[in-house]
Amino acid sequence: MKAIIFDRHGDSDVLGYRDVERPSPGAGEVLVAVRAVSVNHGPDVETRQRGFSMGAVEMPHIGGVDPAGEIAEVGPGVTGWRPGDRVAVYPVIACGVCEFCRDGFPENYCSNSRLYGVQTQGGRAQFAVAPASQLVPLPDNVSYEAAAALGVAYTTTWHGMNQRARLTANDTLLVMGAGGGCGVAAVQLGKLVGARVLAVTGSEWKQQRVRELGADEVFSYRDPDWAGKVRAATGGRGVTAAFDNAGSETLPSSVDCLARAGRLFCSGGTTGFEVMLDVRQLYRNLISLYFYVQGSKADMAELVGFVADGKLDPVVDSRYPLRAAAEADDKLSSQDHFGRIVLTVEGSE
Ligand SMILES: NC(=O)c1ccc[n+]([C@@H]2O[C@H](COP(=O)([O-])OP(=O)(O)OC[C@H]3O[C@@H](n4cnc5c(N)ncnc54)[C@H](OP(=O)(O)O)[C@@H]3O)[C@@H](O)[C@H]2O)c1
Ligand SMILES: [Zn+2]
């Protein structure tokens with residue numbers, strides 16, 4: 001089979017499109033004929049560049065954390081799945097034995113969790129082995145491309161919005177970086193919940209796209225007074241909730257935009273990871289800051305349900321054939337995209 005594979009860390013030119021042996025599913029595993037897999041910063045780009053912050057990467061390595069496709073083979077002991085079933089791989093592999101797993105927390109709380117496609121071989125290939133426990137069933141009307149788009153950015157953002165900040169239709173939500181994978185997800189999911197959405201993005205063309213997605217007001221973070229304008233759009237009260245994965249450059253101002261008892265949720269720091277906050281401002285205003293990593297399998301399954309019900313249509317910026325994975329990685333790094341970037345895999349590649 002063909003796979004995108006690298007033997008050493010580096011720029012996207014370390015990625016080779018090569019023939020490798022088709023893997024066989026072991027006990028409790030299935031073999032998935034991959035049809036789509038999305039491109040992600042940490043798990044794909046950073047892992048290839050220097051290793052993600054999760055220990056050494058097994059070389060040679062096939063990345064790809066969120067493949068979707070159909071089951072080609074079922075390994076020994078697997079029940080409930082059959083060849084031909086349409087599935088997506090939920091990427092967080094929980095240990096099942098740590099205190100969080102034992103106490104019934106979602107998979108993303110597991111203290112020994114492994115990420116599929118980072119600490120295992122992944123889905124940038126015609127076929128990929130995955131534990132049957134990671135599979136999410138896909139109804140016929142959910143495309144493989146949509147499912148792959150959901151796996152990381154949408155699932156993580158939905159977890160933060162729904163399970164952590166508990167957004168409701170009564171909220172006014174600030175979405176920082178509304179043009180990126182998580183930002184677009186936050187705009188769409190915020191509107192799905194029924195909140196008023198004030199979005200902040202960079203370029204003119206992204207502002208237009210964010211408006212088309214349903215954001216109620218759109219601002220640019222290139223405007224030095226964007227925070228003042230967000231506050232003005234709430235009649236001076238501030239937003240009741242904010243999503244900010246942009247980090248150092250924006251997070252303190254996003255906190256400034258919060259109303260009394262406002263909540264901010266964050267799972268990334270695109271412009272930098274260190275921020276300075278005035279704790280008096282936080283406690284005097286009863287501010288809550290929520291952090292999280294990934295989402296749960298139940299979050300992902302819920303999103304698949306939204307797509308099946310026609311409530312959510314994940315935004316795919318561009319599609320590349322598997323062989324062009326290097327180009328797709330570079331496109332993500334260029335920040336010249338709106339929504340998700342997806343690799344599509346043809347059986348005959
Ligand atoms: N912890 C987790 O589980 C998890 C999961 C998914 C993602 N993440 C992290 O979340 C972040 C976003 O991921 P993504 O997939 O959405 O990436 P992406 O599609 O490349 O988006 C990057 C974002 O950064 C914004 N941005 C860039 N420069 C900015 C600036 N100067 N000021 C404000 N915003 C700026 C962009 O906004 P515009 O496009 O609007 O200009 C865009 O929203 C990354 O750091 C990623 O590692 C973490
Ligand atoms: Zn665990």
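Residues numbered from 1 in each chain as written. Chains lettered and ligands numbered in written order. Predicted model: local features only at pLDDT ≥ 70, side-chain atom pairs only at ≥ 80, totals over all residues.

Enquirer: Tell me about the overall build of the chain, and please be specific about residues and values.
Expert: A count of helical and extended segments in the chain gives 10 helices and 17 strands. In terms of overall dimensions, the chain is globule-like: its C-alpha atoms have a radius of gyration of 20 Å, near the 20 Å expected for 349 residues. Considered along the principal axes of its C-alpha atoms, the chain spans approximately 60 × 45 × 40 Å. Long-range contacts, defined as pairs at least 24 residues apart, comprise 68% of the intrachain contacts of the chain with a sequence gap of at least 6. (Helix = DSSP H or I, 4+ residues; strand = E, 2+ residues; numbered from the N terminus. Rg over C-alpha atoms; globule rule 2.2 N^0.38 Å. Contact = placed C-beta atoms within 7 Å.)

Enquirer: Help me get a handle on the environment of Ile62, residues and values and all.
Expert: The topology assignment puts Ile62 in the loop between α1 (41-50) and β4 (68-74). Setting aside chain neighbours within four positions, we find Ile62 in contact with Ala3, Ile4, Ile5, Gln121, Gly122, Arg124 and Ala125.

Enquirer: Account for the domain arrangement of the chain, naming residues and giving values.
Expert: In terms of domains, the chain is made up of domain 1 (2-137 + 315-344) and domain 2 (155-291). Just the C-alpha atoms count here: the centres of domain 1 and domain 2 sit 29 Å apart. The interface of domain 1 with domain 2 comprises 5 residues on the first partner and 6 residues on the second. Partitioning the side of domain 1 that touches domain 2 into residue classes produces 2 nonpolar, 2 polar and 1 charged. (Domains from an automatic or database assignment. Nonpolar A, V, L, I, M, F, W, Y, C, P; charged D, E, K, R; others polar.)

Enquirer: Which residues make up helix α5 (residues 204-212), and what are the values?
Expert: Buried residues of α5: Lys206, Arg209 and Val210, and no others. Each buried residue of α5 lies within a common arc of 100° when the element is viewed along its axis, so the set occupies one face. In α5, the exposed residues that point more than 90 degrees away from the buried face are Glu204, Trp205 and Glu212. Tucked into the core, α5 has its buried residues touching α4 (181-193), β11 (196-201) and β12 (217-220). (Buried ≥ 20, exposed ≤ 12 C-beta atoms within 10 Å, placed from the backbone. Arc of directions from axis to C-beta.)

Enquirer: Give me the site of ligand 1: which residues, what numbers.
Expert: Lining the immediate environment of ligand 1, one finds 30 residues, of which Gly177, Gly179, Gly180, Gly202 and Gly268 sit closest. Of the residues that constitute the shell around ligand 1, the class distribution is 9 nonpolar, 19 polar and 2 charged. (Near = placed C-beta within 6 Å.)

Enquirer: Please set out the nonpolar core residue by residue, giving values where relevant.
Expert: Counting 104 residues, the largest nonpolar core has Leu174 and Val175 as its most contacted members. No fewer than three residues from each of domain 1 (2-137 + 315-344) and domain 2 (155-291) sit in this core. In this structure Val175 touches Gly183, Ala186, Val187, Gly190, Val197, Ala199, Val200 and Phe243, once residues within four positions along its chain are discounted. (Core = buried A, V, L, I, M, F, W, Y, C linked by C-beta atoms within 7 Å.)

Enquirer: Which residues make up α1, and what are the values?
Expert: All of the buried residues in α1 are Pro43, Asp44, Thr47 and Arg48. Along the long axis of α1, the arc covered by the buried residues comes to 95°, so they all point the same way. In the core, the buried residues of α1 are packed alongside β7 (114-115), α3 (144-164) and α10 (325-334). Once α1 finishes, Gly51 follows within two positions and takes phi at roughly 90°, a positive value.

Enquirer: Tell me about the pairing of strand β8 (residues 127-131), and name the residues and values.
Expert: Looking down a regular strand, the side chains alternate between one sheet face and the other. Counting buried positions along β8 yields 4 of 5 residues, so the element is predominantly enclosed. As paired strands, strand β3 (residues 29-38) and β8 are joined by 5 bridges and run antiparallel to one another. Pairing of Ala33 across the sheet is with Phe127, part of β8. (Pairing = 2+ DSSP bridges.)

Enquirer: I'd like to hear about the packing of α3 against helix α9 (residues 297-308), residue by residue, with values.
Expert: Between α3 and α9, whose axes approach to 8 Å, the crossing angle comes to 115°. On the basis of their axis angle, the class for α3 and α9 is roughly perpendicular. By crossing handedness, the relation of α3 to α9 is classed as right-handed. Residue-level contacts link Ala146, Ala147, Leu150, Gly151, Tyr154, Thr155, Trp158, His159 and Gln163 of α3 to Asp299, Met300, Leu303, Val304 and Val307 of α9. The residue inventory of the contact of α3 with α9, partitioned by class, reads 9 nonpolar, 4 polar and 1 charged. (Axes fitted to C-alpha atoms, helices over the stretch in contact; angles between N-to-C directions. Parallel < 35°, antiparallel > 145°, perpendicular 65-115°, else oblique. Left-handed = near helix turned anticlockwise from the far one by under 90°.)

Enquirer: Explain the sheet that holds strand β14 (residues 258-266) to me, using residue names and the numbers behind them.
Expert: Taken in spatial order, the 6 strands line up as β12-β11-β10-β13-β14-β15 in an open sheet, and their pairing is parallel. Two strands in the sheet have a free side with no partner beyond their single neighbour: β12 and β15 (288-291). Strand after strand, the sheet turns through a mean of 20° between neighbouring axes, direction not considered. Summarising the sheet, β14 and β15 pair through 4 bridges and their orientation is parallel. Counted as the bridge partner of Arg263 is Ser288 from β15. Seen against the sheet, α3 touches β13 (239-243), β14 and β15 and runs at an angle of roughly 145° to β14. Packed onto the sheet, α4 meets β10 (172-176), β11 and β13 and runs at close to 165° relative to β10.

Enquirer: Run through the pairing of β11, naming residues and quoting values.
Expert: Within β11, 5 of the 6 residues are buried, which leaves it mostly tucked inside the rest of the structure. As paired elements, β10 and β11 share 5 bridges and run parallel to each other. If you follow Thr172 over to β11, its bridge partner there is Arg196. Handedness of the crossover joining β10 and β11 through α4 is recorded here as right-handed. For β11 and β12, the ladder comprises 4 bridges, and the chain directions are parallel. Paired with Leu198 across the two strands is Glu217, which belongs to β12. Between the parallel pair β11 and β12, the chain is carried across by α5, and the sense of this crossover is right-handed. (Right-handed = clockwise from strand over helix to strand, strands pointing away.)

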